[in-house]
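Read off the chains here:
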Amino acid sequence: MTGLALDGIDVDAHSPETLAVFWAALLDREAAPGTGLLPPDRDGLRLRFVPTRVPKASQNRIHLDLTTASAPEMEATIARVLRAGGRRADIGQGSEDPHEVLADPEGNEMCIIEPGNGFLRGTGVIGAVNCDGTHALGEFWSAALEWPLVWDEGEETAIQSPRGGAKITWSGTPLMPRHGKDRIRLALRVGNAAELSTACARLERLGARIASGDDPLLPGATSTAMTDPDGNEFTVRIALPR
């Protein structure tokens, strides 16, 4: 084991407080120190909302899939999103699709998954972190996190922690166009500064790149911005308090 773990999701926000309140109500979670949401357990996903003034320009390349256990629960979840300031979203889904596409108050897309979905059975409320990416990217993240591939069909891949929980999925080519900085990014954690340097070096060997000016060897460095082999941004940081 490398000491590297998935910490959660970083979300750029014009109003981090507004999004924290919205997602806390939707996921029934407690607020973390700063502007974020604590996971229900150590292996769960932390959501962290990062201030930005940059407007959302296009569909996000990452979104969350939220599970439901029954038709009434699905309808109740949709109603809760809409009451809390969310809205319905059109990303090209068809009328025959069994899931519903919604967005939070700042337009970040999410899918409310229909009950009985076998692929996300047993994953928890956050069933999947749904990502745009190539088949090779699924293999990269499987190696980086040391999580097995639990789906590998054609261009599509998915990984999941051996302990269970949310899956991370990649839809394969063609890839979505990129418009500026990714608003939603994966975040990894390590235990200390020495592990930060070691983890970044290992990720580079796997095909990632360190962002310009974010050397993990600099004195006092607590995080490093990187890009994966598809060019998606992510962060490696020393563990935040939980």
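Worth saying up front: this structure is predicted, and the values here are computed from it rather than measured.

1. So, the overall build of the protein
In step 1: For the protein, the count of helices and strands is four helices and 15 strands.
In step 2: A globule of 242 residues ought to have a C-alpha radius of gyration of about 18 Å, and the protein, at 17 Å, matches this closely.
In step 3: Seen along its three principal axes, the alpha-carbon backbone of the protein occupies a region of about 50 × 40 × 35 Å.
In step 4: Looking at the protein as a whole, 47% of its 242 residues are labelled buried.
In step 5: Here the contacts in the protein between residues at least 6 apart in sequence split such that 64% fall between residues at least 24 apart.

2. Some details on the packing of helix 1 (residues 16-27) against helix 2 (residues 71-83)
In step 1: Relative to each other, helix 1 and helix 2 sit at 165°, their axes nearing to 10 Å. As summarised for this structure, helix 1 and helix 2 are arranged roughly antiparallel, according to the angle between their axes. Considering only the axes of helix 1 and helix 2, their crossing is right-handed. Along its contact with helix 1, which presents F22, A25 and L26, the element helix 2 presents T77, R80 and V81.

3. What to know about the packing of helix 3 (residues 135-145) against helix 4 (residues 193-206)
In step 1: In contact at an axis separation of 10 Å, helix 3 and helix 4 are set at 150° when each is read in the N-to-C sense. For the element pair helix 3 / helix 4, the angle class is roughly antiparallel. For the crossing formed where helix 3 meets helix 4, the hand is right-handed. Of the residues in helix 4, those in contact with F140, A143 and A144 of helix 3 are R202, L203 and L206.

4. Focus on unusual backbone geometry
Glycine aside, residues mostly have negative phi, and peptide bonds are mostly found in the trans state.
In step 1: Here the residue pair T173 and P174 is connected by a cis peptide bond, since its omega of 0° sits within 30 degrees of zero.
In step 2: Here the phi dihedral of D28 falls at roughly 55°; this positive angle occurs in a residue that is not glycine.
In step 3: At E146, a residue that is not glycine, the phi angle is positive and equals roughly 60°.
In step 4: Among the structural elements, E146 can be located in the loop between helix 3 and strand 9 (149-153).

Parameters at a glance
- Residues numbered from 1 in each chain as written.
- Predicted model: local features only at pLDDT ≥ 70, side-chain atom pairs only at ≥ 80, totals over all residues.
- Heavy atoms only, no water.
- Helix = DSSP H or I, 4+ residues; strand = E, 2+ residues; numbered from the N terminus.
- Rg over C-alpha atoms; globule rule 2.2 N^0.38 Å.
- Buried < 20%, exposed > 50% of the residue type's maximum accessible area, 1.4 Å probe, protein only.
- Contact = heavy atoms within 4.5 Å.
- Axes fitted to C-alpha atoms, helices over the stretch in contact; angles between N-to-C directions.
- Parallel < 35°, antiparallel > 145°, perpendicular 65-115°, else oblique.
- Left-handed = near helix turned anticlockwise from the far one by under 90°.

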